[in-house]
Amino acid sequence: MKDIINCKNLSKTYVLGDEEVHALDDVSITMARGDYAAVMGPSGSGKSTFMNIVGCLDTPDTGDLWIDGEEVSQMSRNELAGVRNKKIGFVFQQFNLLGRTSALDNVALPLLYAGVKRHERRERAHAALERVGLKDRVGHHPTQLSGGQQQRVAIARALVNEPAILLADEPTGALDTHTGEEIMDIFDDLNQSGLTIVLVTHEYLIAAHAHQMIRFLDGKITGVEQLKAEAA
Amino acid sequence: MDVIELLRVAWSSIRVHKMRSFLTILGIMIGVACVITMMTVTAGAQHDIDRQMREMGSNLMMVYAGSWRGRGGVRSAAGANAVLTEDDSDAIKREIPEIVAAAPTMRGYAQVVVGNRNWNSSVYGIDEDFLVVRNWGVNEGRLFEPTELSRGSRVALIGTTTATELFGEGQVLGQTIRVQNVQFTVVGLLASKGMAPGSTSFDQDSVVLIPLKTARTRLLGRQGVAGNAVEGIYISVENEDDMLYVEEEIKKLLHARHRIDPEREAFSVNNMSEWIESRLEQQNTFNSLLSVIAAVSLIVGGIGIMNIMLVSVTERTREIGLRMAVGARNTDIMQQFLVEAIALCIAGGILGILLAILVSTGSSYLAGWPIYFQWWVLMMAVVFSGVIGIFFGFYPARSAANKDPIEALRTE
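In this report, we go over the structure that sits alongside the text. These figures come from a predicted structure and were not determined experimentally.

Contact residues are listed per partner, giving 18 residues for chain B and 19 residues for chain A. Of all elements in the fold, only helix 1 (3-16), helix 10 (317-325), helix 11 (330-367) and helix 13 (405-410) of chain B reach the threshold of two or more residues within the side of chain B that touches chain A. The residue makeup of the side of chain B that touches chain A, split by class, is 10 nonpolar, three polar and five charged.

Set out below in structure tokens:
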């Protein structure tokens with residue numbers, strides 16, 4: 001099976017004052033299409049840096065990274081923007097929806113930068129909102145939506161470009177337990193339909209939705225556990 | 001990203017901060033208004049001058065004996081003994097082909113009397129060329145007959161002001177007027193010319209025209225001068241570009257005819273350039289004031305735009321990060337903020353145009369200045385506003401585009 005994420009010896013070092021921080025220290029891991037991984041670790045363990053690099057928001061100092069068969073570790077800023085646009089869907093803890101902008105326009109935003117025509121943008125944004133159960137909220141602004149609904153709009157936005165990977169950073173962190181579970185159900189369904197999902201969390205109950213758990217400590221992967229059998 | 005989308009994003013951002021956006025563009029608005037008002041008033045003055053020039057007579061020159069030393073200057077004694085004659089006028093017309101017409105003229109002021117009314121009026125002794133040179137005609141009645149000119153008949157054409165003062169609304173043609181106890185029959189009422197160019201008091205319509213011969217023999221003749229002496233010669237030149245050349249030719253010809261050393265400048269040729277200069281001088285003071293206000297407003301306005309765009313970029317750091325995360329390239333972000341700055345400036349420019357229309361119309365009404373709106377100036381104002389937007393929006397837009405998406409997303 002073709003790897004969708006392939007990291008080889010990724011390292012990233014930050015200089016904070018006089019101190020060098022090894023945010024990532026020789027990390028290698030592969031993930032196949034359809035994987036569902038939870039990344040866990042204390043703050044400062046390197047999980048955020050890992051997610052940023054896999055999400056093409058950042059580049060490693062050394063090492064190689066392939067996303068869906070493309071070597072991205074040496075790409076320019078603009079090329080990375082293109083990869084993010086086409087292959088990655090982001091879901092953030094704080095939703096990051098544009099204020100005073102309808103759910104539909106929020107969802108259509110990635111298509112704008114993909115150069116999709118207005119008519120098609122609207123159609124695809126509609127379909128994505130329908131997929132997360134917000135068909136009847138397309139015209140609502142973020143302030144008119146509950147936290148769970150806002151996060152579902154954000155998920156629709158992450159899906160609209162049909163990405164290869166969905167990256168979620170504490171997607172339930174700003175939600176109550178019940179709503180969080182609803183959001184996780186959506187992730188489970190998306191994974192069922194074949195989408196590769198990587199999520200960062202520090203809650204075991206949330207991580208338990210995933211099929212494998214990757215533990216980070218001091219910039220290194222300290223363990224990969226299989227949580228349940230992967231979907232066939 | 002297409003232009004319409006960029007404009008939509010820019011508009012939604014401007015709309016959210018209506019008051020702030022308006023205050024931001026105030027400087028641009030005032031600057032543009034100043035520039036346009038200035039151009040409009042200048043163009044109005046120029047048009048007014050052109051119109052008055054045409055009414056004075058096309059490509060008009062006046063030849064006098066004695067040199068003129070500028071406005072209100074003293075005629076030099078050197079020319080005191082030179083006297084222009086009708087022969088000089090004929091010679092000029094004959095020898096200088098660029099000339100359309102040359103009109104020997106005598107001029108004076110006289111009290112004109114009708115019954116118990118009287119009016120102090122300019123009196124010109126003229127020949128048939130005078131009305132051609134001055135581009136003048138009659139509204140009622142007729143011009144002088146050739147026989148009236150050659151015989152020195154006592155006939156007169158009168159200007160509208162003189163007519164109104166002497167006859168009120170009554171019949172003018174065929175009436176008798178007395179000028180220095182000589183009786184004249186009014187045969188024509190002249191078309192109105194208004195005030196002389198550059199003057200608010202010299203009324204060109206307060207005038208009585210009589211045949212040159214009549215003037216010399218009965219009214220304005222002086223003792224001790226040649227029998228065909230005239231005071232000045234009005235000249236109309238065919239082509240405006242020949243004015244300077246013709247002026248020199250006339251001087252050469254006259255000095256030769258009178259056998260006077262050209263160095264003495266016994267004759268002067270006057271065209272209208274002097275009063276045009278004085279007229280434009282008034283405008284220049286006004287213009288330099290407006291230029292300063294315009295320059296200061298545009299610079300301060302531009303800095304205001306830059307400032308508010310920097311605030312906007314900072315406020316929207318998270319939005320920038322999010323846009324980058326979903327695939328916006330640097331150039332997309334750059335365009336977005338540049339378009340917003342340009343849109344603000346162009347809005348300021350358009351409001352400035354409206355303000356300029358108000359101010360110029362108002363000042364035209366209050367100060368009596370003529371105004372003339374030129375479309376290209378209005379178009380240029382809009383384009384220029386856009387250029388200001390690009391110039392002052394560039395730095396904020398670039399700082400937005402250069403943000404690190406991770407840092408930007410982390411911003412609260």
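Next comes the rest of the account.
Looking at the secondary structure, you find A328(B) in the loop between helix 10 and helix 11. The buried category is assigned to A328(B), around which 26 C-beta atoms lie within 10 Å. When the C-alpha positions of A328(B) and L6(B) are compared, they lie 13 Å apart, and in sequence the two are 322 residues distant. When residues no more than four places from it in sequence are discounted, the contact partners of A328(B) are A81(A), Y113(A), R323(B) and I333(B).

All names here are of chain B. Here five bridges tie strand 1 (residues 60-65) to strand 11 (residues 232-237), and the two strands are oriented antiparallel to one another. Looking across to strand 11, one finds that M62 is bridged to Y234. As paired strands, strand 3 (residues 99-114) and strand 11 are joined by six bridges and run antiparallel to one another. Bridging from a neighbouring strand, A101 pairs with S236 of strand 11.

Turning our attention to the nonpolar core. One finds V39(A), V107(A), A156(A) and A341(B) to be the most contacted residues of the largest nonpolar core, which totals 125 residues. Here the element with the most residues in this core is helix 11 of chain B; it accounts for 14 residues. Not counting the four nearest positions on each side in its chain, A341(B) is found in contact with I305(B), M309(B), G389(B), F392(B), G393(B) and A397(B). In this structure, W136(B), A156(B), F184(B) and V246(B) belong to the second largest nonpolar core, which totals 49 residues.

Once that is clear, we can look at the pairing of strand 9 (residues 207-211) of chain B. Residues and elements named next belong to chain B. The element strand 9 is largely enclosed, with a buried count of five among its five residues. Pairing between strand 4 (residues 117-126) and strand 9: five bridges, direction parallel. Bridging across to strand 9, V123 finds its partner in V208. Sheet topology places strand 6 (residues 155-158) next to strand 9; two bridges connect them, and they run antiparallel. Within strand 9, the position partnered with I158 by the bridge is V208.

The rules we used
- Residue numbers run consecutively from 1 along every chain, following the written order of its sequence.
- Working convention: letters from A go to chains and numbers from 1 go to ligands, in the order in which they are written.
- For a predicted model such as this one, the threshold for reporting local features is a pLDDT of at least 70, and the threshold for listing and counting side-chain atom pairs is 80 or more; totals across whole chains, interfaces and linings nevertheless cover every residue.
- Residues are defined as contacting one another if the C-beta atoms placed from their backbone atoms lie within 7 Å.
- Secondary structure follows DSSP: runs of H or I at least 4 residues long count as helices, runs of E at least 2 residues long count as strands, and numbering of each begins at the N terminus.
- Note that Gly is not counted as nonpolar here; it falls among the polar residues with everything else outside the nonpolar set of Ala, Val, Leu, Ile, Met, Phe, Trp, Tyr, Cys and Pro and the charged set of Asp, Glu, Lys and Arg.
- Three exposure classes are used, based on other C-beta atoms lying within 10 Å of a residue's own C-beta, which is placed from the backbone: buried for 20 or more, exposed for 12 or fewer, and partly exposed in between.
- Any two strands with at least two DSSP bridges between them are considered paired.
- As used throughout, a nonpolar core is a set of buried Ala, Val, Leu, Ile, Met, Phe, Trp, Tyr and Cys residues joined through C-beta atoms within 7 Å of each other.

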